[in-house]
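A closer look at the structure
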Amino acid sequence: MKSAINHVNDKNSPWQIMQQIVDDVNEPNIQDKSFSVIDYGAISDGVFNNSDAFKKAIQNCYENGGGKVIVPSGKFYTGPIHLKSNINLHLEEGAEILFSTNPSDYYPLVHTSYEGLELMNYSPLIYAYKANNISVTGKGVLNGQANSHNWWPWSMGVDHGWKEGMPSQRDSLNLPKLMSFADKGIPVNERIFGDNHYLRPTFLEPFNCTNVLIKDVKIINAPFWVIHPIKSKNVIVDGVTIDSHGPNNDGCNPEYSKNVIIRNCTFNTGDDCIAIKAGRDNEGRRIAIKSKNIVVQNCKMIDGHGGVVIGSEMSAGVSNVFVENCIMDSPNLDRAIRIKTNSRRGGTVDGVYVRNIEVGQVKEAVLKINMFYGIYSNQTGAFIPQVRNILLENVNVKNGGEFGVLAKGYVGSPIQNITLKNVVIEKVKKEFSLENVTNIKLINTKINGLPVEETNTNKQLNNN
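The model shown is predicted, which means the values in this text are computed figures rather than measured ones. (Residues numbered from 1 in each chain as written. Predicted model: local features only at pLDDT ≥ 70, side-chain atom pairs only at ≥ 80, totals over all residues. Heavy atoms only, no water.)

A few words now on the overall build of the protein. Helix and strand counts for the protein stand at 5 helices and 34 strands. For 464 residues, the compact-globule formula gives about 23 Å, and the C-alpha radius of gyration of the protein, at 22 Å, lands near that figure. C-alpha extents for the protein along the principal axes are approximately 70 × 45 × 40 Å. For the protein, buried positions account for 61% of its 464 residues. (Helix = DSSP H or I, 4+ residues; strand = E, 2+ residues; numbered from the N terminus. Rg over C-alpha atoms; globule rule 2.2 N^0.38 Å. Buried < 20%, exposed > 50% of the residue type's maximum accessible area, 1.4 Å probe, protein only.)

With that settled, consider the packing of aromatic side chains. Aromatic rings considered in pairs are described by the distance between their centres and by the relative angle of their planes. Using the criterion set out here, one finds 15 aromatic pairs in the structure. Three or more aromatic residues joined by ring pairs make a cluster, and in this case those are Tyr106, Tyr107, Tyr122, Trp151, Trp154 and Tyr198. The positively charged end of Arg355 is found above the aromatic ring belonging to Trp15, 4.2 Å away from the centroid. For the cation-ring pair, Lys408 lies above Phe372, with the distance from its terminal atom to the ring centre recorded as 4.9 Å. (Phe/Tyr/Trp six-rings, centres within 6.5 Å; stacked < 30°, edge-to-face > 60°. Lys NZ or Arg CZ within 6 Å of the ring centre and 35° of its normal.)

Let us look at the environment of Ile30. Relative to the elements of secondary structure, Ile30 occurs in the loop between helix 1 (13–24) and strand 1 (34–36). Taking the C-alpha atoms as reference points, Ile30 and Ile87, separated by 57 residues in sequence, lie 6.7 Å from one another.

The strand order across the open sheet formed by 6 strands is 20-23-25-27-29-31, and the pairing between neighbours is parallel. Since the sheet does not close on itself, it has two edges, and those belong to strand 20 (274–276) and strand 31 (430–435), each with one partner. Within this sheet the neighbouring strands show an average axis-to-axis angle of 10°, counted without direction. Here strand 27 (residues 365–370) pairs with strand 29 (residues 403–408) via 5 bridges, running parallel. The residue of strand 29 that forms the bridge with Leu367 is Val405. (Pairing = 2+ DSSP bridges. Axes fitted to C-alpha atoms, helices over the stretch in contact; angles between N-to-C directions.)

In this section: the sheet that holds strand 13 (residues 204–207). Here 3 strands make up an open sheet; going across it, the order is 5-10-13 and the pairing parallel. The two strands at the open ends of the sheet, each matched to only one other strand, are strand 5 (81–82) and strand 13. Relative to strand 10 (residues 126–129), strand 5 is paired through 2 bridges, and the arrangement is parallel. Residue pairing across strands places His82 opposite Tyr127, the latter belonging to strand 10.

All right, on to the nonpolar core then. One finds Leu89, Leu142, Ile219, Ile262 and Met328 to be the most contacted residues of the largest nonpolar core, which totals 113 residues. Core analysis: the next-biggest nonpolar cluster, separate from the first, contains 13 residues, Ile17, Ile261, Phe322 and Leu391 among them. (Core = buried A, V, L, I, M, F, W, Y, C linked by side-chain atoms within 4.5 Å.)

Let's shift gears to unusual backbone geometry. Backbone torsion omega between Tyr107 and Pro108 reads 0°, so that peptide bond is classified as cis. Note on placement: Pro108 falls in the loop between strand 7 (95–99) and strand 8 (110–114). For Lys231, which is not glycine, the phi dihedral falls at a positive 55°. When you line up the elements, Lys231 lands in the loop between strand 15 (218–220) and strand 16 (233–238). With phi around 65°, Asn417 is a residue other than glycine that occupies positive phi space. Mapped onto the elements, Asn417 comes out in strand 30 (residues 415–425).

Time to look at helix 1. The end-to-end C-alpha distance of helix 1 is 17 Å, a good match for the 16 Å that 12 residues give at a rise of 1.5 Å each. Looking at helix 1, one finds that the buried residues are Ser13, Pro14, Trp15, Ile17, Met18, Ile21 and Val22. Residues of helix 1 that are buried sit in contact with strand 18 (258–263), strand 21 (291–297), strand 24 (318–328), strand 26 (348–361) and strand 28 (386–399). (Expected span 1.5 Å × (residues − 1). Contact = heavy atoms within 4.5 Å.)

Before going further, it helps to spend a moment on helix 3 (residues 175–184). By the burial criterion, the buried members of helix 3 are Leu175, Leu178, Met179, Phe181 and Ala182. Seen end-on, helix 3 carries its buried residues on one side only, within an arc spanning 160°. Those residues of helix 3 hidden inside the fold are in contact with strand 8, strand 9 (117–121) and helix 4 (281–287). Downstream of helix 3 by a residue or two, Gly185 has a phi angle that is positive, lying close to 75°. (Arc of directions from axis to C-beta.)

Applying the stated criterion to the full structure yields 19 salt bridges. For Asp238, the salt bridge goes to Arg263, with nearest N and O atoms at 3.3 Å. One end of the pair, Asp238, is in strand 16; the other, Arg263, is in strand 18, with 25 residues separating them in the sequence. Taken together, the salt bridges that share partners define one network made up of Glu115, Lys277, Arg280 and Glu313. (Salt bridge = Lys/Arg side-chain N within 4 Å of Asp/Glu carboxyl O.)

Moving on: the confidence of the model for the protein. Low-confidence regions, as indicated by low pLDDT, have predicted coordinates that should not be scrutinised in detail. Chain-level pLDDT for the protein is 94 on average; 94% of the residues reach the 70-or-more range. Under a pLDDT of 50 for its full length, residues 1–9 has, in the predicted model, 25 contacts with residues more than four places off or in other chains. Low pLDDT, under 50, characterises residues 459–464; the predicted model gives this stretch 7 contacts beyond four residues in sequence or across chains. (pLDDT = per-residue confidence, 0-100.)

It is worth spelling out the environment of Leu199 at this point. Positionally, Leu199 belongs in the loop between helix 3 and strand 13. Relative accessible area serves as the criterion here: at 0%, Leu199 is assigned to the buried category. Separated by 24 residues in the primary sequence, Leu199 and Leu175 place their C-alpha atoms 7.2 Å from one another.

When strand 20 meets strand 23 (residues 308–311), the two strands line up parallel, connected through 3 bridges. Within the sheet, the bridge partner assigned to Ala275 lies in strand 23 and is Val309. As paired elements, strand 23 and strand 25 (residues 335–340) share 4 bridges and run parallel to each other. Within strand 25, the residue paired with Val309 across the bridge is Arg338.

Laid out in structure tokens, this is it:
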């Protein structure tokens, strides 16, 4: 399979490749046996700690060749849940899993990741490591119980409970220390964090897994990133509702992952709805696993920093991203499609194909590409990123906010090949803000009620 599609004028080629990806990714094949957590001592009073009951049910299911671990209707309080191969954690309608907010319950530390950097840290709330054929399904609720009194203040967000004098991830011994470890290439097993380091666990993390299904569940109140497939292949996220407005509460973050289908989902988040990742800085270049073949279909994006986003941790590169038949609409949705990177990240984004999108309103831009994204500290380095081959087709926007297309590239590494085809933006303050962008194609595109001519856009580009 090609790493990216370069011929956007061939209207069928991107979507033919997308369909092939979809056809090649199948749901896990798990045998039809059931193991109820009730039979292993679980109590649904929302208070009793069911960690041992979940562990015993999963272990017995695994030893019997796999099957469904059933969580019936009721409220089940627990610590982290670790899945094994050939197991489907199934929440029946009316079931709610309430996860502990006590950090000590998330020991022993596990091999995980924080903002694109691997480490030994608190276990994700639901975790699988090097497992095959795993599922989390059903009409129940996964409740991380994070709020402004636990987990969220560690972000150093004043809107999320942090106050002057409280510890946070930004303290020198926490995230800055992890960044230093990664830059120096310190082995992951020596990057020991956990207590007194204030790096929040992800919610649902398949790490180095194959054939993963997350279907129909509702996920609320996450400590950090919500669904994080990392180094995983053949992942389906289907019919999931995510309603979590905490700091860094990205809805779904595939990282170093291949063949990921995200469909029929609703995202209402405190950060990006979907953010495709590929490692941070030297760490991403060391691991060097590209995220590719990511398909987003029939999703609804409400609040969030972006509808579908690539970056900022994308140092290993991202290619073949397909987005179709989605609705994006909220006064609290900043952008529809966003790519963010910088010269510390480096990396290449090659091939982002978007069609049949309805945008009600966004705050800043319909399409934003920023190669100078900055957070935490100086983000200038020697690794100039590349972004190319971006297609928006059949996109209807009622209110585009500040900009139709806001794109800023480097003088020596311009953004290449942006195509807008059959795009209508009914209202936006400024059609384009472009710096160092080459080869923009406008086909049957109308903004603020008027057709946009390619010559006018190139004139704007040259004047910036």
